[in-house]
Structure formats: structure tokens, C-alpha cells
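Residues per chain are reported as follows:
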Amino acid sequence: MDTVTKRLIKELKNLQHSPNEQIPELHPISDDNLLEWKAVILGQEDSCYKGGRFELAISVPKTYPIQPPKIRFVTKVCHPNVHFKTGEICLDLLKTEWSPAWTLQSACMAICLLLVQPEPSSPLNCDAANLLRCGDELGYKSLVQMYVNMYAKNN
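Residues numbered from 1 in each chain as written. Predicted model: local features only at pLDDT ≥ 70, side-chain atom pairs only at ≥ 80, totals over all residues. Heavy atoms only, no water.

An unreviewed UniProt entry lists the chain under the name Ubiquitin-conjugating enzyme, from Anaeromyces robustus.

Turning next to the UniProt feature "domain: UBC core" (unreviewed entry) in the chain. Listed under "domain: UBC core" (unreviewed entry) in the UniProt record, and renumbered for this structure, are residues 3-153. The span residues 3-153 is 34% helical and 18% strand by assignment, and the distance between its end C-alpha atoms comes to 38 Å. (UniProt positions renumbered as here; feature names shortened; annotations may be inferred. Helix = DSSP H or I, 4+ residues; strand = E, 2+ residues; numbered from the N terminus.)

Once that is clear, we can look at the side chain of T75. Structurally, the position occupied by T75 is in the loop between β4 (70-73) and α2 (104-116). At a separation of 2.8 Å, a polar atom in the side chain of T75 contacts the main-chain amide nitrogen of E55. Once you skip the residues sitting within four places of it in the chain, T75 turns out to touch R53, F54, E55, Y151 and A152. (Polar contact = N/O pair within 3.5 Å; in protein donor to acceptor, adjacent residues only side chain to side chain. Contact = heavy atoms within 4.5 Å.)

Bringing the pattern of salt bridges into the picture now. Going through the model one piece at a time under the given rule, you end up with five salt bridges. The salt bridge partner of K38 is E25, with a shortest N-O separation of 3.4 Å. In this pair, K38 sits in strand β2 (residues 33-42) while E25 sits in strand β1 (residues 25-30), placing the two residues 13 residues apart along the sequence. A relative accessible area of 23% means that E25 is categorised as partly exposed. (Salt bridge = Lys/Arg side-chain N within 4 Å of Asp/Glu carboxyl O. Buried < 20%, exposed > 50% of the residue type's maximum accessible area, 1.4 Å probe, protein only.)

This next bit is on the pairing of β1. Where β1 meets β2, five bridges bridge the pair, whose relative direction is antiparallel. What sits directly across from H27, in β2, is K38. Between β1 and the antiparallel strand that follows it, β2, lie two residues. (Pairing = 2+ DSSP bridges.)

Glancing now at the environment of V116. Here V116 lies in helix α2. Residues V116 and E88 lie 28 residues apart in sequence; the distance between their C-alpha atoms is 17 Å. Apart from the residues lying within four places of it in its own chain, the contact partners of V116 are Q44 and S47.

To continue, consider helix α4 (residues 137-152). Turning to α4, its buried residues number three or more, namely Y140, V144, Y147, V148 and A152. All buried residues of α4 fall inside an arc of 110° around its axis, so they share one side. (Arc of directions from axis to C-beta.)

This part covers the nonpolar core. If you look at the biggest cluster of nonpolar residues, it comprises 41 residues, and the most contacted ones within it are I41, F73 and I89. Of all the elements in the fold, those that place two or more residues in this core are α1 (3-17), β2, β3 (53-59), β4, α2 and α4. Look past the residues within four positions of I89 in its chain and what remains in contact with it is L56, I71, R72, F73, N81, V82, L94, K95, I111, L114 and L124. (Core = buried A, V, L, I, M, F, W, Y, C linked by side-chain atoms within 4.5 Å.)

Structure representation (C-alpha cells):
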């Protein structure tokens, strides 16, 4: 068994023993391929993402955990650091700040934190970032809530 397979099996076992309420789903898409995962993260109760369920697609490279996984939003989300069309996430942890100490679960938790702590100076969604940079927090929250209601609510 190769290193990446051993590591992912260990992470999967840890997930089963220590589930996280913020991440109700985190698992391989199929038993045949441990390199493609699906995650669902929940919007925090005290945020404008409240009530949202956001699906993430995770592609694990064969060099994991030395190299970070590629994670993108499948669910459309309005956020300064998420590309609205592609779901690409701008987060240092998923690029230059990755460490093998991180796991898929901890990377998903970092994305949960990013939702409530946006970084408008490094935007992939300029419209959302500009609202925050101009101090229009009410406009930003209203826009986010509209998109949560349109795309991230369980129907």
C-alpha cells in the first residue's frame, strides 16, 4: 500500500471516530478511488451563511500529504475569496502555507473559518470584496444571504 493510501485510510478512520458537526460529510466519492472526496460544510449559526450546506469537491494528489489537496466549492457561494463560477478557493493553506500536519478535515475547518473571516484584499470575487472594502457590511451580508437562500439551503 502506498503512502497516500495509508494516510487517507488513517484520516478516514479518524473521521469515523471523531466526527465534526461543522462537517457532516467528508468521505471518498467511491471505494475504488481514495483520491476524490466529497465534503459538506455547514454555515455557522452566528453568520450570514447560517442554514447553508456547502458541498466541496476534493482532489487529492498522489504526492499528498506533501502537496495540498485541491478543494473547490461545488455549491455556488458568494464570498470574496471564492470564485463564483469555478468554486476556486483563495486560501494560503491550500497553496503556499500547506504542511503535511494538515488533514482533509482540518483543511475543511479552515474553509469554514474563511467563510466567516473573509480576506477582501485577496479577492476572487471582486463584487463581494468591494462591498467589504467600502464598509458596506449590510450590503455584503444581504448579498450572501440571498445566495445562501438560492443555492445552499436544503429544499
